[in-house]
Amino acid sequence: MKKKNTGTHLSSAGRMSKDHFGAVNTPVYRASTILFPDLDTLANQSQPYYYGRRGTPSSRSLEEAINGLEGSARTVLVPSGLAAIATAILSLVQAGDHILMVDSTYEPTRLFCDQTLARFGVTTEYYPPLADIAPLMKPNTRLVFCESPGSLTFEIQDIAAIAKIAHAKGASVLMDNTWATPIYFQPLAHGVDLSIQAATKYVGGHADLNMGYVSANETHAERLLQTHGNMGLCSSGDDCFLALRGLRTLPVRLAQHQKTAMTLINWLKAQPAVARVLYPALESDPGYKLWKRDFSGATGLFSFVLKPASDKAVAAFVDGLHHFGIGYSWGGFESLIVPTHINRTAAAFAAEGPVLRIHAGLEDVEDLIADLDAGLKRLKETK
Ligand SMILES: *Cc1c(COP(=O)(O)O)cnc(C)c1O
């Protein structure tokens, strides 16, 4: 299911030029207090904006653009991707509930469940990303959380099949779609109820923004808005402006990230030091079939497994790289590399050697390859 004419949508969505003297972009609104002309308007809140935390033209412009992309009824903006995950889960659960969380999930999501949700009497059970969830559903299973692909090990989940089982048992389906973004996968069209995005990554795209959002279908919109409002969440006008600016060029940037990632991967696969690459758009990847069925593209984030190597050899490889920064996050214009430590409770992940994750940035690919090539030589020469 490929979204049609995304570029055209993103060139016009959320623009309010008539309200802003013809300016193409909605300006940054820095507003907490918003004035009412009279008591009647105040009593009925009969104007579009009434308090900064509850929305400004900056946030409204961004929400509208996202709703068009996600096919959602409503979107809420929050200060980080992790806040989007927490808000989405909290909008549905109550004490005594059980939730199913994919075992390959983003590590801080796991900590939120184990440390915070647990205190409120909500039990989290981790399931392997490819598991049949039917036998795991309990009468009190409130939601099934998916992340596809996982951002360390890149397993692709059968979202439509999961949604069918969850919905038949009255549970909701949530998905962290940060890797594909709504450009390459539309969660709601595959049966997801709440689509979650760490806009920090590809939406922002320039390593200068922390933001998240949750987009809801019709049936989940009211609870989401209520929870978001009650928790006092909002995003600054500056951040909304940056996110909307990033969104405009998202399809163009993603196409380049994908192209560079594929070139790097094909090169890495041929290196004797590399055991395998984890990336669902590779025909040899176990997730390829599902990826091909459901996604319209792949992005710049992938992992690769080295053949056994010492910590010292890995450090010699990574520390000497010029074009790859050592850092968390991803989705920006710059290439990154980090060792990945995989923490699972439901299923072990067997790796032949150290696992590294790369975000392929927008540098020229021949420079990136030369950098990795020199790095692998250092790896080989270090015991
Ligand atoms: C980074 C990330 C998040 C969290 O985003 P923050 O803005 O850093 O809180 C959530 N999910 C995935 C898959 C991520 O990579």
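Parameters at a glance
- Residues numbered from 1 in each chain as written.
- Predicted model: local features only at pLDDT ≥ 70, side-chain atom pairs only at ≥ 80, totals over all residues.
- Heavy atoms only, no water.
- Domains from an automatic or database assignment.
- Buried area = accessible area lost by both parts, 1.4 Å probe.
- Salt bridge = Lys/Arg side-chain N within 4 Å of Asp/Glu carboxyl O.
- Core = buried A, V, L, I, M, F, W, Y, C linked by side-chain atoms within 4.5 Å.
- Buried < 20%, exposed > 50% of the residue type's maximum accessible area, 1.4 Å probe, protein only.
- Helix = DSSP H or I, 4+ residues; strand = E, 2+ residues; numbered from the N terminus.
- Contact = heavy atoms within 4.5 Å.
- Pairing = 2+ DSSP bridges.
- Axes fitted to C-alpha atoms, helices over the stretch in contact; angles between N-to-C directions.
- Parallel < 35°, antiparallel > 145°, perpendicular 65-115°, else oblique.
- Left-handed = near helix turned anticlockwise from the far one by under 90°.
- Nonpolar A, V, L, I, M, F, W, Y, C, P; charged D, E, K, R; others polar.
- Near = heavy atom within 4 Å.
- Polar contact = N/O pair within 3.5 Å; in protein donor to acceptor, adjacent residues only side chain to side chain.
- Areas by Shrake-Rupley, 256 points an atom, 1.4 Å probe, with all protein chains shown as cover.

## Considerations on the domain arrangement of the protein chain
Then, number 1: In terms of domain boundaries, the protein chain breaks down into domain 1 (6-246) and domain 2 (250-381).
Then, number 2: With centres defined by C-alpha atoms, the gap from domain 1 to domain 2 works out at 28 Å.
Then, number 3: Surface buried jointly by domain 1 and domain 2 totals about 3,300 Å² across both partners, of which 62% is contributed by carbon and sulfur atoms.
Then, number 4: It is Trp179, Tyr184 and Tyr202 that lose the most area in domain 1 upon contact with domain 2, and together they represent 26% of the buried surface on that side.
Then, number 5: At the boundary of domain 1 with domain 2, the tally comes to two salt bridges.
Then, number 6: Across the pair Asp158 and Arg293 runs a salt bridge, and its minimum N-O distance is 2.7 Å.

## Some remarks on the nonpolar core
Inside soluble globular proteins, nonpolar side chains tend to come together where they are buried.
Then, number 1: Counting 79 residues, the largest nonpolar core has Trp179, Leu247, Leu268, Tyr279, Phe302, Phe304 and Phe317 as its most contacted members.
Then, number 2: For this core, the element with the most residues is helix α10 (residues 250-269), which contributes seven residues.
Then, number 3: Mapping this core onto the domain boundaries places at least three of its residues in each of domain 1 (6-246) and domain 2 (250-381).
Then, number 4: Sequence-distant contacts of Phe317, that is, excluding residues within four places in its chain, are made with Phe304, Ile337, Leu356, Leu372, Gly375, Leu376, Arg378 and Leu379.
Then, number 5: Within the second largest apolar cluster, 27 residues are counted, among which are Val76, Ala88, Leu92 and Tyr126.

## Brief notes about the sheet that holds strand β12 (residues 355-359)
Within a beta sheet, neighbouring strands are joined by backbone hydrogen bonds and run either parallel or antiparallel to one another.
Then, number 1: One open sheet holds the five strands; their spatial order is β8-β9-β12-β11-β10, and the pairing between them is mixed. Whereas interior strands pair on both sides, the edge strands pair on one side only; in this sheet they are β8 (274-278) and β10 (325-326).
Then, number 2: As judged from the two bridges shared by β10 and strand β11 (residues 336-339), these two strands associate in the parallel manner. Within β11, the residue paired with Gly325 across the bridge is Leu336.
Then, number 3: The strands that α10 touches are β8, β9 (301-306) and β12; relative to β9, the one it contacts most, it runs at about 10°.

## Some remarks on the packing of helix α4 (residues 81-90) against helix α8 (residues 218-230)
Then, number 1: α8 packs onto α4 with a crossing angle of 120° between their chain directions and a minimal axis gap of 9 Å. Overall, the two elements α4 and α8 adopt an arrangement that is oblique. Seen from above, α4 lies across α8 with right-handed handedness. Here Thr87, Ala88 and Leu90 of α4 come into contact with α8, specifically with Leu224, Thr227 and His228.
Then, number 2: Here the residues of the contact of α4 with α8 are counted per class, giving three nonpolar, three polar and no charged.

## Let's talk about the site of the ligand
Then, number 1: Around the ligand, a shell composed of 14 residues is seen, among which Gly81, Leu82, Asp176, Thr200 and Lys201 lie nearest.
Then, number 2: Within the backbone of Leu82, an N or O atom sits 2.8 Å from an oxygen atom of the ligand.
Then, number 3: Its free accessible area being 380 Å², the ligand has 91% of it covered by the protein chains.
Then, number 4: Among the elements that take part in the shell around the ligand, α4 stands out by supplying three residues, more than any other.
Then, number 5: Of the residues belonging to the shell around the ligand, the class tally is five nonpolar, six polar and three charged.

## Topic: the pairing of β9
Then, number 1: The buried fraction of β9 amounts to six of the six residues, a majority that puts the element mostly inside the structure.
Then, number 2: Of the two faces of β9, both are covered, the one formed by Leu301, Ser303 and Val305 as well as the one formed by Phe302, Phe304 and Leu306.
Then, number 3: In terms of strand pairing, β8 meets β9 through four bridges, oriented antiparallel. Within β9, the position partnered with Val274 by the bridge is Leu306.
Then, number 4: When β9 meets β12, the two strands line up antiparallel, connected through five bridges. Note on β12: the bridge partner recorded for Phe302 is Ile358.

## A few points about the packing of helix α9 (residues 237-248) against α10
Then, number 1: The interhelical angle for the contact between α9 and α10, taken along N-to-C directions, is 60°, at an axis separation of 5 Å. With respect to α10, the element α9 is oriented oblique. Each of Gly246, Leu247 and Arg248 in α9 lies in contact with α10, whose residues at this interface are Leu250, Pro251 and Arg253.
Then, number 2: Grouping the amino acids of the contact of α9 with α10 by side-chain chemistry returns three nonpolar, one polar and two charged.

## Let's talk about the environment of His20
Then, number 1: For His20, the position within the fold is in the loop between α1 (6-12) and α2 (39-44).
Then, number 2: On the accessibility criterion, His20 (8% relative accessible area) is buried.
Then, number 3: In contact with His20, not counting residues within four places along its chain, are Thr26, Pro27, Tyr29 and Pro57.

## Looking at the pattern of salt bridges
Then, number 1: Under the definition given, this model contains eight salt bridges.
Then, number 2: With its nearest N and O atoms 4.0 Å apart, the salt bridge here joins Lys138 to Glu125. Here Lys138 is found in the loop between β3 (123-127) and β4 (141-147), whereas its partner Glu125 is found in strand β3, with 13 residues between them in sequence.
Then, number 3: Take Lys138: its relative accessible area is 40%, and that puts it in the partly exposed class.

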